[in-house]
Amino acid sequence: QVQLVQSGGGLVQAGGSLRLSCAASGSIFSINTMGWYRQAPGKQRELVATITSDSSPNYADSVKDRFTISRDNANNTVYLQMRSLKPEDTAVYFCNAGVVRIWPRVPQNYWGQGTQVTVSS
């Protein structure tokens, strides 16, 4: 089995910063792309940022230059550093990982449990 466990998040004033972490554990052979998504009330889940196994990042236009995604391959962890937060960043944030298990060696998509980020104006 594979689990993604998130930490971080919470309540912050506009202009503030938060850092999210997501650690994968279990019978992992390798991890391909990891990423962060968010879902605001009444809206669809949307991509925030992704990072490939060789640490090439990709960002949604709405967070570019404010958020930084990074990963620690040795510890199967992905991070999201969020700066200059805006009220419109308020959402539940989910991490995602394409994991190849030890067996069977096929990639499968896994999600974290979600964590609330609330930005007050």
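Just above, that's the structure.
Before going into details, it helps to say that this report is about the structure given with it. In this text, all values refer to a predicted model and were calculated from it rather than measured experimentally.

### Quick notes on the packing of aromatic side chains
To describe a pair of aromatic rings, one takes the distance between the centres and the angle between the planes. Here the structure, examined in full by the defined rule, presents one aromatic pair. When the ring centre of Phe94 is taken as reference, the NZ or CZ atom of Arg45 above it lies at 3.7 Å. Over the ring of Trp111 we find Arg45, and its NZ or CZ is 4.6 Å from the ring centre.

### Observations concerning the state of the cysteines
Under the definition given, this model contains one disulfide. Two residues share a disulfide in this structure: Cys22 and Cys95, whose sulfurs sit 2.0 Å from each other. Residues Cys22 and Cys95 are joined by a disulfide whose S-S torsion is about 50 degrees; by sign, that bridge is right-handed. Placement of Cys22 in strand E3 (residues 18-26) and of Cys95 in strand E9 (residues 91-101) is noted, with a sequence separation of 73 residues between them. Judged by its relative accessible area of 1%, Cys22 falls in the buried class.

### Some words on unusual backbone geometry
In this model, Trp103 is joined to Pro104 through a cis peptide bond whose omega is -5 degrees. One can find Pro104 in the loop between E9 and strand E10 (107-111). Unlike most non-glycine residues, Ser55 shows phi in positive territory, near 65 degrees. Of the residues examined, Ser55 reaches a relative accessible area of 38% and is grouped as partly exposed. A positive phi angle, near 50 degrees, is found at Ser84, a position not held by glycine. In this fold, Ser84 is placed in the loop between strand E8 (77-82) and E9. For Ser84, a relative accessible area of 41% puts it in the partly exposed group.

Here is what the cut-offs are and how they apply
The numbering scheme is per chain: residues are counted from 1 as the chain's sequence reads. This being a predicted model, a pLDDT of at least 70 is required before a residue's local features are given, and a value of 80 or more before pairs of side-chain atoms are given or counted; all residues contribute to the totals for chains, interfaces and linings. For side-chain calculations, the full set of non-hydrogen atoms in the structure is used, while hydrogens and water are omitted. Stacked, tilted and edge-to-face are the three classes applied to pairs of Phe, Tyr and Trp rings, where Trp contributes its six-membered ring and a pair requires centres within 6.5 Å; stacked means planes under 30 degrees apart, edge-to-face means over 60, and tilted covers the rest. For a lysine, the NZ atom is tested; for an arginine, the CZ atom; a charge sits over a ring if that atom is within 6 Å of the ring centre and within 35 degrees of the ring normal. A pair of sulfur atoms, both from cysteines and within 2.5 Å, is called a disulfide here. Strands here mean DSSP runs of E at least two residues long; helices mean DSSP runs of H or I at least four residues long; both are numbered from the N terminus. Relative accessibility thresholds used throughout: buried, under 20% of the residue-type maximum; exposed, over 50%; partly exposed, between the two (1.4 Å probe, protein chains only).

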